[in-house]
Amino acid sequence: MRYFLLPISWIYISVITVRNLMFDFRLFSSKDIDHTIGVGNLSMGGTGKSPLSIYIAELILRNQGSPALLSRGYGRKSKGYIEVNEGHLSQDVGDEPLMFKQRFKNKVGVYVCENRILGSKNIRRNSPKSTIIFDDVFQHRKIKPSLSVLTTPYGDPFFTDYILPVGRLREPRLSAHRADCIVVTKCPEALTDEDYNKVKNKLSKFSKPIFFSHIEYGEMKPMKGRIHDIKNILLVTGIVDPSHLIEHLKDKYKIQSISFRDHHDFTVKDIEKIHEKFGTFDPKDSIILTTEKDKVRLSKFDELVAQNGALWYYQPISIRIHDKAQFESLIKEHVRKI
């Protein structure tokens, strides 16, 4: 099947290459924005950008900075510049920005705007000393963050992938040269020196600092109600790949799962299907578990969930970075002090 898609990939890569050359030779303008950090990727979703953005925001807070998160708000039905608050629904502002806001509350300003230049101007007008973290901005070449962080997952690195529609890359592998550093995400806990060096050698051609990160799962948190002896979990996800979470859970719990596509817009029928499946579980020791990102898309069904009586939990995640001091030093260079 891939061979039949190759001509489309060639057309796509030609268009993207010409566009990038226009920016490289300054035929298209790109605006430098000081004290900003861009987090992005080369492929379609699922590369661990959100946990890394959270990590960077927390680092800025610990260093007396004022972080602001700016996203386009993927999947929202609104347009323009919006400051996100906890009362928004995911269809108003997108699931990831709402997740950021619910995680940080008033500690971090979270904003959405499809025009990143306009969005950053509005943020700086109200918070001139903020350090702006741009979420998913690598292909948005009209702006140039002062630090560009490229993410790629250990299990599916961009150097083994292909351009759309044959693969999942949004632009050629060589575009990684534009990044200031590369973070390999979702690494296995048992990462040997051989595995580490194999990936590092593949990425060394880009002559960028390379960091490795692991997912760390926090304690499952109840959305409403609580039980103390959990044995069975119905895992409900709308993310690219839930396998890492399943691996984390399966040694301790009996797991069944229902998976939807990434950024899935849940419906009443979906909730009914989930509750019907959960009806086969023993409620005394069973919960429905979802991700922190999915939780914000499910919040519009709080009343339906309450009527059913099923216990829903969500799974917070964070990351741990190898060579933490070196990575944090790189970030601190771009943090504006209050």
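What counts, and at which threshold
- Along each chain, residue indices are assigned from 1 in the same order as the chain's sequence is written.
- Restriction of local features to residues with pLDDT of at least 70 applies here, the model being predicted, together with a cutoff of 80 or more for giving and counting side-chain atom pairs; totals for whole chains, interfaces and linings are based on all residues.
- To obtain the side-chain values, all non-hydrogen atoms of the structure were used and water was disregarded.
- Criterion used throughout: strands pair if DSSP finds at least two bridges between them.
- Only DSSP runs of H or I covering at least 4 residues are called helices, and only runs of E covering at least 2 are called strands; the numbering of each starts at the N terminus.
- Any two residues having at least one pair of non-hydrogen atoms within 4.5 Å are treated as being in contact.
- Axis definition: a line fitted to C-alpha atoms, over the contacting stretch in the case of helices. Angles run 0 to 180 degrees between N-to-C directions.
- Relative accessible area decides the class of each residue, using a 1.4 Å probe on protein chains only: under 20% of the type maximum gives buried, over 50% gives exposed, and in between gives partly exposed.
- Put simply, buried Ala, Val, Leu, Ile, Met, Phe, Trp, Tyr and Cys residues joined by side-chain atoms within 4.5 Å make one nonpolar core.
- Pairing of aromatic side chains here covers Phe, Tyr and the six-membered ring of Trp, requires ring centres within 6.5 Å, and sorts the geometry by plane angle: under 30 degrees stacked, over 60 edge-to-face, intermediate tilted.

### What about the sheet that holds strand β1 (residues 31–41)?
Taken in spatial order, the 9 strands make up an open sheet running β3-β4-β2-β5-β1-β6-β7-β8-β14, and their pairing is mixed. The open sheet has two edge strands, β3 (82–83) and β14 (317–321), and neither has a second partner. Together, β2 (67–71), β4 (109–112), β5 (131–135) and β14 form the strand contacts of helix α4 (residues 95–104), whose direction differs from that of β4 by roughly 170 degrees. Set on the sheet, helix α6 (residues 193–203) makes contact with β7 (181–185) and β8 (210–217); between it and β8 the angle comes to about 130 degrees.

### Observations concerning the sheet that holds strand β11 (residues 254–259)
If you walk across this open sheet you meet the 5 strands as β9-β13-β12-β10-β11, and the pairing is mixed. Looking along the sheet, the strands with just one partner apiece sit at the ends: β9 (221–222) and β11. Across 4 bridges, the pairing between strand β12 (residues 286–291) and strand β13 (residues 312–315) is parallel. Each residue of the ladder has a partner; that of T291, found in β13, is Q315.

### Looking at the environment of F206
When you line up the elements, F206 lands in the loop between α6 and β8. Look at F206 and you get buried, because its relative accessible area is 4%. The spacing of F206 and I54 is 152 residues in sequence and 26 Å in space, taken between C-alpha atoms. Residue contacts for F206: discarding those within four places in its chain leaves F158, R173, L174, A176, H177 and I182.

### Observations regarding the nonpolar core
L52, I56, F327 and I331 are the most contacted members of the largest nonpolar core, which totals 33 residues. Sort the elements by how many residues they give to this core and helix α2 (residues 49–62) lands first, with 7 residues. Apart from residues no more than four positions distant in its own chain, L52 is found in contact with V39, V149, T151, V183, I319, I321 and F327.

### Some words on the packing of aromatic side chains
Taken as a whole and assessed by the stated rule, the structure comprises 9 aromatic pairs. With a centroid separation of 5.4 Å and 75 degrees between ring planes, the pair formed by F23 and F28 is classed as edge-to-face. Judged by relative accessible area, which is 9%, F23 ranks as buried. Residue F28 is classed as partly exposed on the basis of its relative accessible area, which comes to 39%. Connected via pairs of aromatic rings, a cluster forms that spans Y55, F211 and F327.

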